[in-house]
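# Structural characterization, general
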Amino acid sequence: MSSKLFSPLKIKSITLKNRIAISPMCQYSAQDGFANDWHLVHLGSRASGGAGLIIQEATSVSPEGRISPEDLGLWKDEQIEKMQQINQFIISQKSVPGIQLAHAGRKASAASPWNGGRKLDATQGGWDTMAPSAVAYHHTENSLVALDEAGIQKVVSDFKSATKRAVQAGFQVMEIHAAHGYLLHQFLSPLSNFRTDAYGGSFENRIRLTLEVVDAVQSEWPENLPLFVRISATDWAEGGWNLEESVQLSKMLKEKGVDLIDVSSGGLVSHQQIPLGPNYQVPFAESIKNETGILTSAVGLITDAAQAEEIVASGKADLVLFARESLRNPNLGLTFAHDLNADVEWPKQYERAKM
Ligand SMILES: Cc1cc2nc3c(=O)[nH]c(=O)nc-3n(C[C@H](O)[C@H](O)[C@H](O)COP(=O)(O)O)c2cc1C
């Protein structure tokens, strides 16, 4: 029987050669938002390793939107060139380069994990962070401002400008990061959004910024290229954003022309209770797919070929994203093809290892 994981997926004008995608992963290795050879080798080796889609890490639309000072960014034209080079390499490997555009909101201004991950204040190279409401992720944090109307409009226009640069850099898939407790998710969830204006309160108000960002991105992103939105399907906390709201939002995003919902979960509040285990987020991708008809991707503790094959073959999701497993094994696509007996093209340079 032929593998579904290795069947192509056509979205608009782009055909992914298989259903294996590399999930966006911060490398905390940029300087002033600029990509460098680390990003070329990291992303490039996973493209030569056979994945059909490579999504570049959360790339900030503004300096203040970075999680850490070492995040990638696309807030100035000079940042385009290196990403263009990386993307050309990815395309040369018959893979597709994607980008995740992000704003970290109240989770910005933090040290990289290997520097402790703590909030950075101005004396440590940090900056004031912003959020829907001046309520921090950890109670001890300070220097957090609630965005005013002008601040919100700046976020929207920063997403628009970064999208224009992403097009120039040659990305072929765009993903808007509305998950993991970052700025857009902070607006979506009643556990972080206590606003009383048009951006807070009701479901319609809490999703307003995400919809405005989608509009802004679409005004620059070519209509024939795929647009994804990553969401956290639930906050895993009482009174928080939930699956029902995720389904509602996904319906509206589909009507707007979004092609795929990348279904993750959590990251908004520190008291979340996540029942971690293999496939733990797959049921959310399945529900959103079934209830809205939009394409979905599954991610989270998916680590082997048979597991991924089952998810796609049973129609639970259309695409499978791999993060940590792809750090252990950059040649995920090639080795999974071997496991599933799928005949795929190897890089010429590596053909002698093809069994
Ligand atoms: C090193 C690392 C960096 C990550 N950075 C991002 C990111 O930039 N954007 C994002 O949406 N998720 C990020 N994640 C989450 C992954 O994309 C993925 O959703 C999560 O790790 C679960 O998948 P896994 O079990 O295959 O690792 C990161 C994960 C890791 C391990």
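This section reports on the structure supplied with the text. In this text the structure is predicted, and so the values were computed from the model without any measurement.

A separate point is the overall build of the chain. What the chain contains, in helices and strands, is eleven helices and 13 strands. When its C-alpha atoms are laid out on the principal axes, the chain stretches across 60 × 40 × 40 Å. Here the chain holds 355 residues, and 60% of them are scored as buried. Looking at the chain alone, contacts between residues at least 24 apart form 71% of all its contacts between residues at least 6 apart. Only carbon and sulfur atoms are counted for the fraction: they give 51% of the accessible area of the chain, which is about 14600 Å². Once the 32 positive and 40 negative side-chain charges of the chain are each reduced to a mean point, those two points are 4 Å apart.

On to the site of the ligand, then. With respect to spatial proximity, 15 residues lie near the ligand, and among them Ser 23, Gln 100, Arg 230, Leu 301 and Arg 324 are the closest. In the model, an oxygen atom of the ligand is placed 2.7 Å from a nitrogen or oxygen of the Ser 23 side chain. Residue Ala 58 places a main-chain N or O atom 3.1 Å away from an oxygen atom belonging to the ligand. For the ligand, whose free accessible area comes to 610 Å², the fraction covered by protein is 82%. When its residues are assigned to classes, the shell around the ligand shows eight nonpolar, five polar and two charged.

Another point: the pairing of strand β13 (residues 319-322). The alternating pattern of β13 places Leu 319 and Leu 321 and Val 320 and Phe 322 on opposite faces, both of which are buried. Handedness of the β-α-β unit built from strand β12 (residues 295-299), helix α9 (residues 305-313) and β13 comes out right-handed.

Quick look at the side chain of Lys 82 now. In this structure, Lys 82 sits in helix α2 (residues 80-92). Of the polar contacts made by the side chain of Lys 82, one reaches the side chain of Gln 85; its length is 2.9 Å. Excluding its chain neighbours within four sequence positions, the residues that come into contact with Lys 82 are Ala 35, Asn 36, Asp 37 and Leu 40.

Bringing empty space enclosed by the protein into the picture now. Summed over the entire model, instances satisfying the criterion amount to one cavity of 30 Å³ or more. Of the pockets and cavities examined, the largest cavity occupies roughly 30 Å³. Within the lining of the largest cavity, the residues separate by chemical class into five nonpolar, three polar and one charged.

This paragraph deals with the pattern of salt bridges. A full pass over the atoms with the stated rule returns 17 salt bridges. Note that Glu 245 and Arg 206 form a salt bridge whose closest N and O atoms lie 2.9 Å from each other. In this pair, Glu 245 sits in helix α7 (residues 243-256) while Arg 206 sits in helix α5 (residues 203-206), placing the two residues 39 residues apart along the sequence. Classification of Glu 245 as buried rests on a relative accessible area of 14%. Put simply, Glu 64, Lys 154 and Asp 158 are held in one network by salt bridges that share partners.

This paragraph deals with the side chain of Ser 133. Its place among the elements puts Ser 133 in the loop between β7 (129-131) and β8 (144-146). Using a relative accessible area of 8% as the deciding quantity, one classes Ser 133 as buried. Here Phe 194 takes part through its backbone nitrogen, which lies 2.8 Å from a polar atom of the side chain of Ser 133. Aside from chain neighbours lying at most four places away, what touches Ser 133 is Leu 144, Ala 146, Ser 192, Asn 193, Phe 194 and Arg 195.

Our focus in this paragraph is the pairing of strand β6 (residues 96-102). In terms of burial, β6 is largely enclosed, as seven of its seven residues are buried. The alternating pattern of β6 places Val 96, Gly 98, Gln 100 and Ala 102 on one face and Pro 97, Ile 99 and Leu 101 on the opposite face, and all of these are buried. Summarising the sheet, strand β4 (residues 53-60) and β6 pair through seven bridges and their orientation is parallel. Across the sheet, the residue bridging to Ser 60 is Ala 102, located in β6. Strand direction decides the pairing type here: β6 and strand β9 (residues 173-178), joined by four bridges, are parallel. Bridged to Gly 98 within β9 is Val 173.

In this structure, the second largest pocket spans a volume of roughly 480 Å³. Lining the second largest pocket are 20 residues; nearest its centre among them are Lys 17, Gln 93, Glu 345, Trp 346 and Pro 347. Along the lines of polarity and charge, the residues of the lining of the second largest pocket split into nine nonpolar, six polar and five charged.

Rules behind the numbers
- Residues numbered from 1 in each chain as written.
- Predicted model: local features only at pLDDT ≥ 70, side-chain atom pairs only at ≥ 80, totals over all residues.
- Heavy atoms only, no water.
- Helix = DSSP H or I, 4+ residues; strand = E, 2+ residues; numbered from the N terminus.
- Buried < 20%, exposed > 50% of the residue type's maximum accessible area, 1.4 Å probe, protein only.
- Contact = heavy atoms within 4.5 Å.
- Areas by Shrake-Rupley, 256 points an atom, 1.4 Å probe, with all protein chains shown as cover.
- Lys, Arg positive; Asp, Glu negative; His and termini not counted.
- Charge placed at Lys NZ, Arg CZ, Asp CG, Glu CD.
- Near = heavy atom within 4 Å.
- Polar contact = N/O pair within 3.5 Å; in protein donor to acceptor, adjacent residues only side chain to side chain.
- Nonpolar A, V, L, I, M, F, W, Y, C, P; charged D, E, K, R; others polar.
- Right-handed = clockwise from strand over helix to strand, strands pointing away.
- 1 Å grid on protein atoms, 1.4 Å probe; cavity = no way out; pocket = protein on both sides within 12 Å on 5 of 7 lines; lining within 4 Å.
- Points joined across faces, edges and corners; volume = space filled by probe spheres on them.
- Salt bridge = Lys/Arg side-chain N within 4 Å of Asp/Glu carboxyl O.
- Pairing = 2+ DSSP bridges.

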